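# Commentary on secondary and tertiary structure
Here is what each chain is made of, one letter per residue.
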Amino acid sequence: MTTISAAEPTRRDFLFVATAAVGAIGAAATLVPLIAQMNPDASTIAAGVPIEVDLTPIAEGQIIKVFWRGNPTYISHRTKKEIEEAQNVPLDSLPDPQADKDRVKSGHNQWLVVVGICTHLGCIPLAHQGDYGGWFCPCHGSQYDTSGRIRRGPAPANLPVPPYAFLSDGKIQIG
Amino acid sequence: MSGFPTDKTLHAPGLQTGLQTWPHNLKRADGGGPYEPPPYRPRNGVLRWLEDRLPIIGLAHSTAVSYPTPRNLNYLWTFGGILTFILVAQIVTGIVLTMHYTPEATMAFNSVEHIMRDVNYGWLLRYLHSNGASMFFLAGYIHMFRGMYYGSYKAPREVLWILGVIIYLLMMATGFMGYVLPWGQMSYWAAKVITSLFSAIPLVGDSIVTWLWGGYSVGNPTLNRFFALHYLLPFAIAAVVVLHIWALHVVGQNNPTGVDPQTDKETVPFTPHATIKDTFFIALVSILYVWFVFYIPNFLGHPDNYIPANPAVTPPHIVPEWYYLPFYAILRSIPNKLVGVIALFGSIGILALLPWLDTSRVRSARYRPLYKQFFWLFVLTCILLGWLGSKPPEGGYVVMSRILTIWYFAHFFIVLPLLGRYERPRLVPNSISESVKIGAKAAVVVVLAVGLGAVFAGGPRPAAAQEHADVHADLQPPRNTWSFAGPFGKFDRGQLQRGFKVYHDVCQTCHSLSLLSFRNLGEEGGPEFSAAEVAAIAAEYKVKDGPNDQGDMFERPGRPGDHFPPPFPNEQAARFVNGGLLPPDMSVLAKARGYERGFPWFVIDTIIPYQELGVDYIAAVLNGYAPKPPDMTMPAGMQYNMYFPGHAIGMPPPLSDGVVTYTDGTPQTVDQYAKDIAAFLMWAAEPTLEARKRIGFQVIIFLIVLTGLLYFTKKRVWHEIEKPREAARGREPEATTI
């Protein structure tokens, strides 16, 4: 068997290091498409465009569920009582303090739009249930109030408000 | 650690595994008995702890590092490494593709197009996989011919060889089933024809075919099981490869002399010597591989496979992929169904008998003057059979196929047994060290050239029947100058926008563009309309949506994310309006058409990449309307067209000068319209063309740099072997070199 003697000029070492480095760059570059292919593809992104929702058929006290980007989004037409409850809670008693006015669009207090996914582990909370008249998650018992804020249970945060805007008084665009 | 065995008791690396991974007949040069790999202990304490419980690192070391490999191997011995690399590449890209592919008969074709258009780098992954199959077979054939030339199948390597034949059979099954998955016309009819081979079996043949199909014809159940098996078989191949390598390591590698190394002095450790040599050649072959992937990705495919599977129409000229062509020729050369099928399977199965059919005791063709000639004759036979397999089974082609088929079998059954008896071999050296340095490099070049030749012999084939005996029979679509041709080609945005206008004003009355969305018109590398223009174009179209809250379907203006709506609600409606004919969907039309360029052009087209045959054809057909020759009878409602296969086209001349208004001052002529719409359709068929060529250039430059560095690294590593110090001191060198 022939082995290469260890003591040789550094030119050889440089060649070996350069070859290994270029090879490593190539291997890393090869990973790019293999990883990128798992990100949302162009058609999925194109399907995630904003949606428009007509609010006029939603009666006071009613909550509807629409889908945006594959996720259920609750639109709640709140009653006076629900709005008052939401506004009058002392913020320091909340696990994730946020004022109700920061969760609705000004002038549209009766409309609450939240992503209907429990911030605990992703189940869909049931509307008009639980001790706070908001949402109750059947999976692990998290309870949300009429502003979609977490009040009790394992969930760490309020139901998120998706990006949306009022196109007119009776129409919103989510996304 | 008291109570545990000490290092001393455990220290016998390799032996603990019970697996012997080095040649059993190799001796130690110092006369100290049989060769054993140098003792190996991991330096790291944790690894040592693991090694004492599972000697896996020691196994890897004795297998891939200290394994003694004959020092005189030439480059043909790197193809095992190359094949391993391609197998891994195929498995990785294949698993990724299954994440996006839908194995369902109505969705499979579109899901492949979804991969090509929407998935991030999906086009790259798919082209790597489809061309990887060809590279796998190319490397496989070189590997097999190498074994035949140097007699690598002879004792004690019979099992090693037979395992190789099993791998080859598994590869053929895997490649075939993979080809079915895109569910194009060639996929469908390949599935039909190959499964029908089993109908030749007497009595139970038809039942077996029904069982294979899972129905009364090739259909969704067939596609589903082919997908499942196509996912499974590569792992079966990997498993047999492990056995193949194990067997190889037990009996040791053959070498160009065919004389086994006697002592470890005639070997070098696998790492770094074989490792760096394999890596260098893998990089070199990768350049060829990516050339196909980035510049001629559909060259080895067939345009018809971009037409969705149609159980009602067989393509006029069906051929398998190039790597099956020799066997296809053997099948067709025999006029009896059962005998033909037996000959087909026999021509592959006979390889397993090779160790016993070849009766010569000399391994390497170097020392077998007659066998060497018959070997090359056999290679030529295989290539010619491959060429014949791509030709229609008529006239002289059939006669030639028959002669060559007879020769194929005669080589095994007559030539090889008799040669062993009557050939007078040259003097075989007693050892590798004694062997004379010969021009093995030339042999390597020849084998490589032959391998490439095999690829081209089965190269591009006509999209549809081109052989019609009439005045315009051999008329080829004129070759145009396309801005997007060649390695640096880019689309002309203005041309694509004009082409879209032609589609919009003329073609879309009858032709759908179902795979395209309006948003594509604004994407990079396409016509690049502005977002506002795209929205305006989309809004012109009525798109069916729903159901609404009342449960009704309704129409609304299109949005950028919508697909182009079809002009007809269904195929029947389209046929009813168009005199029974179906205007084809235009989404991949430019890739689904082509023509035969003939030798030598189709070879030149791979080196100076010219793959715009489909676009040439589309432009030619649109320009090809002419008065019919007086002696030709034209079916009612059909038009004469010089370039359309069969010359009778259902579509009336769609274009006339001035029919579409251009605002950029481009001439409003039929010829210009034809070129613009053809260019637009090329983009529609391959929206990622510009990205492909751009990334391709970067990859090729990178690989050339890497290959260069690997070459010099390899030279460095082998320096001591190739130019030993003894030679420098004027003594007889111990090494033989290649």
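Reading the values: the criteria
- The numbering scheme is per chain: residues are counted from 1 as the chain's sequence reads.
- Each chain gets a letter, beginning with A, and each ligand a number, beginning with 1, in the order they are written.
- This being a predicted model, a pLDDT of at least 70 is required before a residue's local features are given, and a value of 80 or more before pairs of side-chain atoms are given or counted; all residues contribute to the totals for chains, interfaces and linings.
- Put simply, DSSP marks the helices as runs of H or I at least four residues long and the strands as runs of E at least two long, and each gets a number from the N terminus on.
- In this setup the radius of gyration rests on C-alpha atoms only. A globule is expected at 2.2 Å times the number of residues raised to 0.38.
- To assign burial, the other C-beta atoms lying within 10 Å of each residue's own C-beta are counted, with C-beta atoms placed from the backbone; 20 or more indicates buried, 12 or fewer indicates exposed, and intermediate counts indicate partly exposed.
- Distance between backbone-placed C-beta atoms decides contact: two residues are in contact if it is within 7 Å.
- These domain limits were set by an automatic method or by a database of domain assignments.
- Polar here means any residue other than Ala, Val, Leu, Ile, Met, Phe, Trp, Tyr, Cys and Pro, which are nonpolar, and Asp, Glu, Lys and Arg, which are charged; Gly is therefore polar.
- Simply put, an axis is a line fit to the C-alpha atoms, just over the touching stretch for a helix, and the angle between two N-to-C directions goes from 0 to 180 degrees.
- Roughly parallel means an angle under 35 degrees; roughly antiparallel, over 145; roughly perpendicular, 65 to 115; everything else is oblique.
- Each crossing gets its handedness from the near helix: less than a right angle anticlockwise from the far helix is left-handed, clockwise is right-handed.
- DSSP bridges decide pairing: two strands pair if at least two such bridges lie between them.
- To estimate how far a helix should extend, the number of its residues minus one is multiplied by 1.5 Å.
- The nonpolar core criterion groups buried Ala, Val, Leu, Ile, Met, Phe, Trp, Tyr and Cys residues into a set whenever they are joined through C-beta atoms within 7 Å.
- A score between 0 and 100, pLDDT records how confident the predictor is in each residue.

## Considering the overall build of chain B
Helices and strands together make up the secondary structure of chain B, namely 26 helices and 6 strands. Rg of the C-alpha trace for chain B: 30 Å, near the compact-globule value of 27 Å for 738 residues, within the 12% margin. With the principal axes as the frame, chain B shows a C-alpha extent of 90 × 65 × 60 Å. Here chain B, with 738 residues, has 44% of them falling under the buried criterion. Within chain B, counting contacts between residues at least 6 apart in sequence, those at least 24 apart form 74% of the total.

## What about the overall build of chain A?
For chain A, the count of helices and strands is 3 helices and 10 strands. Reading chain A from its N end, one meets helices and strands in the order α-α-β-β-β-α-β-β-β-β-β-β-β. The C-alpha radius of gyration computed for chain A amounts to 27 Å, which surpasses the reference 16 Å derived for 175 residues by more than 25%, pointing to a less compact arrangement than a globule. Along the first, second and third principal axes, the C-alpha set of chain A runs to 90 × 35 × 25 Å. Taken over 175 residues, chain A has a buried fraction of 22%. Taking the intrachain contacts of chain A between residues at least 6 apart in sequence as the baseline, contacts between residues at least 24 apart amount to 47%.

## Comments concerning the domain arrangement of chain B
Residues and elements named next belong to chain B. Parsing chain B into structural domains produces domain 1 (7-21 + 29-63), domain 2 (75-465 + 699-728) and domain 3 (493-692). Across the boundary between the two partners, domain 1 contributes 5 residues, which contact 5 residues of domain 2. Classifying every residue of the side of domain 1 that touches domain 2 gives 2 nonpolar, 3 polar and no charged.

## Brief notes about the packing of helix α6 (residues 122-149) of chain B against helix α7 (residues 158-180) of chain B
Residue and element names in this part refer to chain B. It is at 11 Å that the axes of α6 and α7 come closest, and there the two elements cross at 160 degrees. Judged by the inter-axis angle, α6 sits roughly antiparallel to α7. Between α6 and α7 lies a crossing of left-handed hand. On α7, the residues that touch Ala133, Phe136, Phe137, Gly140 and Gly147 of α6 are Trp161, Tyr168, Met171, Gly175 and Gly178.

## Focus on the sheet that holds strand β4 (residues 111-115) of chain A
All names here are of chain A. The strand order across the open sheet formed by 3 strands is β2-β3-β4, and the pairing between neighbours is antiparallel. Taken across any chain shown, the strands that pair with only one partner, and hence form the sheet edges, are β2 (63-68) and β4. Strand after strand, the sheet turns through a mean of 25 degrees between neighbouring axes, direction not considered. In this sheet, strand β3 (residues 71-77) lies alongside β2 in antiparallel orientation, the contact comprising 6 bridges. Across the sheet, residue Lys65 finds its bridge partner in β3, namely Tyr74.

## Examining unusual backbone geometry
For the peptide bond that leads from Ala155 of chain B to Pro156 of chain B, omega is 5 degrees, which places it in the cis range. By the element assignment, Pro156 of chain B lies in the loop between α6 and α7. Omega for the bond connecting Gly546 of chain B with Pro547 of chain B falls within 30 degrees of zero, at 0 degrees, which places this linkage in the cis form. Relative to the helices and strands, Pro547 of chain B resides in the loop between β3 (542-545) and β4 (554-557). Phi is positive for His128 of chain A, which is not a glycine, with a value near 55 degrees. With respect to the element layout, His128 of chain A can be found in the loop between β5 (126-127) and β6 (133-136). A tally of 14 C-beta atoms within 10 Å means that His128 of chain A is categorised as partly exposed.

## Let's talk about the environment of Gly614 of chain B
Residues and elements named next belong to chain B. Mapped onto the elements, Gly614 comes out in helix α23 (residues 613-623). We classify Gly614 as buried; it has 26 C-beta atoms within 10 Å. Separated by 24 residues in sequence, Gly614 and Met638 have C-alpha atoms that sit 22 Å apart. Leaving out residues up to four positions away in the same chain, Gly614 has contacts with Pro303, Ala590, Lys591, Ala592, Arg593 and Gly594.

## Things to note about the packing of helix α12 (residues 325-333) of chain B against helix α15 (residues 369-389) of chain B
Residues and elements named next belong to chain B. α15 packs onto α12 with a crossing angle of 70 degrees between their chain directions and a minimal axis gap of 7 Å. As the angle between them shows, α12 and α15 are arranged roughly perpendicular. Contacts from Leu325, Pro326, Tyr328, Ala329 and Ile330 of α12 reach α15 at Cys382, Leu385, Gly386, Leu388 and Gly389. Within the contact of α12 with α15, the residues separate by chemical class into 8 nonpolar, 2 polar and no charged.

## So, the sheet that holds β5 of chain A
Where strands meet in a sheet, backbone hydrogen bonds hold them as pairs that are either parallel or antiparallel. Residue and element names in this part refer to chain A. One open sheet holds the 4 strands; their spatial order is β5-β6-β7-β8, and the pairing between them is antiparallel. The open sheet has two edge strands with one neighbour each: β5 and β8 (150-152). With 2 bridges joining them, strand β7 (residues 143-145) and β8 adopt antiparallel strand pairing. Bridge assignment links Tyr144 to a residue of β8, and that residue is Ile150.

## Details of the interface of chain B and chain A
Interface size, as often reported, equals the accessible area lost upon joining of the parts. With 28 residues of chain B at the interface, the matching set in chain A holds 22 residues. Of all the secondary structure elements, the ones that give two or more residues to the side of chain B that touches chain A are α4 (79-98), α6, β2 (267-269) and α25 (689-722) of chain B. Residue contributions to the side of chain B that touches chain A peak at 10 residues, all from α25 of chain B. Residue classes in the side of chain B that touches chain A are distributed as 16 nonpolar, 7 polar and 5 charged.

## Topic: helix α11 (residues 270-295) of chain B
The end-to-end C-alpha distance of α11 of chain B is 35 Å, a good match for the 38 Å that 26 residues give at a rise of 1.5 Å each. The element α11 of chain B is largely enclosed, with a buried count of 20 among its 26 residues.

## Some details on the nonpolar core
All names here are of chain B. Among the nonpolar cores identified, the biggest contains 108 residues, and Ile82, Ile86, Phe136, Ala139, Val180 and Ala190 are the most heavily contacted of them. Sort the elements by how many residues they give to this core and α6 lands first, with 15 residues. With near-sequence residues (within four places) excluded, Ala139 lies in contact with Phe79, Ile82, Leu83, Ile86 and Val285.

## Quick word on the confidence of the model for chain B
Residues and elements named next belong to chain B. Taken over all residues, the pLDDT of chain B has a mean of 90, while the share at 70 or more is 90%. Of all secondary-structure elements in chain B, the lowest mean pLDDT belongs to helix α1 (residues 7-10), at 45, while α4 reaches the highest, 98. pLDDT under 50 marks residues 1-17. Its contacts with residues more than four places away, or in other chains, come to 18 contacts. In the predicted structure, residues 459-470 sits below a pLDDT of 50 and forms 37 contacts with residues beyond four places in sequence or in another chain. Scoring the predicted complex yields pTM 0.91 and, for the interface, ipTM 0.87.

## What to know about the environment of Ile432 of chain B
All names here are of chain B. Counting through the fold element by element, Ile432 comes out in the loop between α16 (396-422) and α17 (440-457). Of the residues examined, Ile432 has 23 C-beta atoms within 10 Å and is grouped as buried. Separated by 360 residues in sequence, Ile432 and Asn72 place their C-alpha atoms 7.5 Å apart.

## Digging into the confidence of the model for chain A
Summarising the model, chain A shows a mean pLDDT of 92, and 95% of its residues fall at 70 or more. Contacts from residues 1-6 of chain A, a stretch scored under 50 in pLDDT, to residues over four places away or in other chains number 9 contacts.

## Points about the environment of Lys105 of chain A
Residue and element names in this part refer to chain A. Mapping Lys105 onto the fold places it in the loop between α3 (80-88) and β4. Note on Lys105: 15 C-beta atoms within 10 Å, which makes it partly exposed. When the C-alpha positions of Lys105 and Ala165 are compared, they lie 8.1 Å apart, and in sequence the two are 60 residues distant.

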